[in-house]
Every structure is written in C-alpha cells, then in structure tokens.
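Each chain, letter by letter, is given below.
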Amino acid sequence: MSEQILDQLYDAVVAGVAEDAAAATHTGLDAGVEPLSLLFDSMIPALEEVGRLFETNEIFLPEMLISARAMQASMNLLRPMLADEAASRIGTFVMGTVAGDIHDIGKNLCNVMLEGVGFEVIDLGVNVPPEQFVEAIRAHKPDAVGISAFLTTTMSELVTTIDAIVDAGLRDGVKILVGGAPVTQEYADRIGADGFAATAVTAAQLTKELLGI
Ligand code: B12
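Residues numbered from 1 in each chain as written. Predicted model: local features only at pLDDT ≥ 70, side-chain atom pairs only at ≥ 80, totals over all residues. Heavy atoms only, no water.

## Thoughts on the site of the ligand
Part 1: Neighbouring the ligand are 37 residues, the closest being Ile-102, His-103, Asp-104, Ser-148 and Thr-152.
Part 2: Gly-100 is positioned with one of its backbone polar atoms (N or O) 3.1 Å from a nitrogen atom of the ligand.
Part 3: In the environment of the ligand, an oxygen atom lies 2.7 Å from a nitrogen or oxygen atom belonging to the backbone of Ile-102.
Part 4: For the ligand, the cavity whose grid points lie within 2 Å of the majority of its atoms is the largest pocket.
Part 5: Elements with a minimum of two residues in the shell around the ligand: helix H3 (35-55), helix H4 (61-83), helix H5 (105-117), strand E3 (144-148), strand E4 (175-179) and helix H9 (200-210). (Near = heavy atom within 4 Å. Polar contact = N/O pair within 3.5 Å; in protein donor to acceptor, adjacent residues only side chain to side chain. 1 Å grid on protein atoms, 1.4 Å probe; cavity = no way out; pocket = protein on both sides within 12 Å on 5 of 7 lines; lining within 4 Å. Sits in = over half its atoms within 2 Å of the grid points. Helix = DSSP H or I, 4+ residues; strand = E, 2+ residues; numbered from the N terminus.)

Quick look at the structure:
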C-alpha cells in the first residue's frame, strides 16, 4: 500500500501535476506513511529524475517549473507536521539563496528541518545579495547563517558573501554553513565556511553540533 502511494507521489512530481501530488500526500499521511518517507523516498528522487530528464533534453524549463510547483504543493502539507516538533527555541538561523540564483526547494527544506529541531529561521529568500546577508546578521544577531547555491555559475557568490561578512567584521560572531547541489565539503573547506551538509536533516544536526547544542 505505502509503496503504491510513494509511486503515485513520485509520478505526480515528475509529471508536474500539483493536485495529484497533494492528493497522494494526503492519502499517504492518512495511511500512516511518515512525512520524511514521503519526502526522501518519493519527492526528492522524483526531482532528481526531473533534473536528469532536463539534462538529457527530454524535458525543458517549463516542465521543470511545474514539477517544482507539484513538489511545493506537497511540501506545504508536510511543513506543519515536520516543524511542530520544536519544543523551545534553541537559536536563530539566517538563511538565503545567493545572488543570481532562484532555486529554493532545498533551502526551504533545510528551514523546515531547522525549525523542527528548534531554531528560529529568518529566511531572506532567493537572489540575496551579499550586503543583504550582512544587514540581516547586524539586525538579527543570528547564531548561524546558511548560504545556498544551486548552480555551478552561482557558487562563487558563496565566496563573495562570506567575504562581505568578513569585511563587515561580523565573521567571528556567526557560524557559516553552505549547501546546495553543486557544493561539496572540500569546496566549503576551501572557502572558509564552518560547515557543509548534503541534506536538510544533516544540516540541522550539523548546526546543533557547531553551536555545541
Ligand atoms: C526544480 C529545479 C528548478 C526550478 C527551481 C524552482 C524552485 N523554486 O526552487 C526552476 C525551474 C526555476 C529551475 C531553474 C533553473 N535551473 Co534548475 N533545477 C531544478 C531541479 C530539477 C531540482 C532542484 C531541487 O529542488 N532539488 C531537490 C532539493 C531537495 O535538493 P537540493 O536543492 O540539492 O537541496 C538539498 C541539499 O543541497 C541541501 N541544501 C540546500 N541548501 C542548503 C543550504 C545549506 C546552508 C545547507 C547546509 C544545505 C543545503 O539540503 C537540501 C535538502 O536535502 C535541479 C536538478 C537536481 N538534480 O538538483 C535543477 C538544476 C539545479 N537546475 C539547473 C539549471 C541549469 C537551471 C537553469 C539555469 C535552467 C535555465 N536554462 O534557465 C535555471 C536557473 C534559474 C536561476 N537563475 O536560478 C541545473 C544546474 C546545473 C549546474 N550544475 O549548474 C540542474 C542541476 C538541472 C540539470 N541537471 O541540469 N530549476
């Protein structure tokens, strides 16, 4: 039964049919499938397939966009279930996607997991210039900052953003985490970030570790 639901959700995200994705999510939750299983065993593999189809020119930008919308329709249903585990606030986290980049599904998923373990997340959104990260650190005095980049062409903005934080004299007060599909641990080390995580779950765990929580 749950295999069938996971398959239906996978197909709905690949085909980009938001109503079917939402319906399969409802059915799965009603049948007792774990929210994290819907995410990691169905929706994320579906987006990986969408990426593969795009790369091989079997689908194009509009199809990729409607798949992203289907994913978001389902994520909207899961978000309250994943975030309401928070017992109390353990810290503040500023998050954003770098300038020139509008991918936000992975970032939003990290936000949900960070809220789930108790962080207050201030989400700066997408296409965030370095100076906006700097302003947000001044304004909110977060414990940690997360910077996402999803394109090989926008990865260099991670460096620009970290440099801006250093130049503003704010580097010592915050832990900096970087992530996004093309980012690696080796790259994170090279650019002077405090941490890198490949998934939203490990991002939340790592943030706690870095802050000694
Ligand atoms: C959906 C999607 C889109 C949607 C985005 C919608 C949205 N609201 O996000 C749309 C259609 C808008 C889009 C546009 C483009 N896209 Co696109 N897109 C994708 C796709 C299919 C899925 C991305 C995704 O959401 N994955 C699922 C999430 C859950 O995974 P994730 O992003 O990796 O995030 C996880 C981790 O990285 C980590 N993480 C994420 N952020 C952070 C932050 C921190 C601090 C930490 C610690 C961890 C962390 O945790 C997340 C959750 O587990 C990927 C394919 C792929 N395989 O990734 C291509 C992909 C990323 N896109 C690609 C491209 C080329 C583009 C375009 C340039 C296409 C074009 N010709 O216009 C544009 C760029 C627009 C721009 N300026 O940003 C390429 C990038 C190639 C490259 N190496 O640079 C990919 C890889 C597709 C491909 N195979 O070619 N895209």
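## Notes on the coordination of the cobalt atom of the ligand
Part 1: Coordination of the cobalt atom of the ligand by the protein involves just one donor, His-103 (NE2), at a distance of 2.3 Å.
Part 2: Topologically, His-103 is positioned in the loop between strand E1 (91-97) and H5. (Donors = N, O, S within 2.8 Å, 3.2 Å for Na, K, Ca; no water.)

## Structural notes on a negative patch on the surface
Part 1: A cluster of like negative charges, contributed by Glu-3, Asp-7, Asp-11 and Asp-41, occupies part of the molecular surface.
Part 2: Counting residues per element, the negative patch draws most heavily on helix H1 (residues 2-15), at 3 residues.
Part 3: When you line up the elements, Asp-11 lands in helix H1.
Part 4: Residue class for Asp-11 comes out partly exposed when judged on its relative accessible area of 46%. (Patch = residues over 30% accessible without salt bridge, like charges linked within 9 Å, V, L, I, M, F, W, Y side chains within 5 Å. Areas by Shrake-Rupley, 256 points an atom, 1.4 Å probe, with all protein chains shown as cover. Salt bridge = Lys/Arg side-chain N within 4 Å of Asp/Glu carboxyl O. Lys, Arg positive; Asp, Glu negative; His and termini not counted. Charge placed at Lys NZ, Arg CZ, Asp CG, Glu CD. Buried < 20%, exposed > 50% of the residue type's maximum accessible area, 1.4 Å probe, protein only.)

## Points about the layout of surface pockets
Part 1: Of the volumes computed, that of the largest pocket is approximately 1400 Å³.
Part 2: In this structure, the largest pocket is lined by 43 residues; those nearest its centre are His-103, Ile-105, Gly-106, Phe-150 and Ala-181.
Part 3: The set of elements that each furnish at least two residues to the lining of the largest pocket consists of H3, H4, E1, H5, E3, E4 and H9.
Part 4: A per-element tally of the lining of the largest pocket places H4 first, with 8 residues.
Part 5: In terms of residue class, the lining of the largest pocket is made up of 30 nonpolar, 9 polar and 4 charged. (Points joined across faces, edges and corners; volume = space filled by probe spheres on them. Nonpolar A, V, L, I, M, F, W, Y, C, P; charged D, E, K, R; others polar.)

## Remarks on the domain arrangement of the protein
One frequent convention defines the size of an interface as the accessible area lost when the parts assemble.
Part 1: Annotation of the protein at the domain level lists domain 1 (2-81) and domain 2 (91-210).
Part 2: Placing a centre on the C-alpha atoms of domain 1 and another on those of domain 2 gives a separation of 25 Å.
Part 3: Of the residues lining the interface, 10 residues belong to domain 1; the matching set on domain 2 comes to 7 residues.
Part 4: Each partner contributes to the roughly 720 Å² buried at the junction of domain 1 and domain 2, and carbon and sulfur atoms together form 83% of this total.
Part 5: Together, Phe-40, Met-75 and Arg-79 form the three largest contributors to the area buried by domain 1 at its contact with domain 2, with a combined 50%. (Domains from an automatic or database assignment. Contact = heavy atoms within 4.5 Å. Buried area = accessible area lost by both parts, 1.4 Å probe.)

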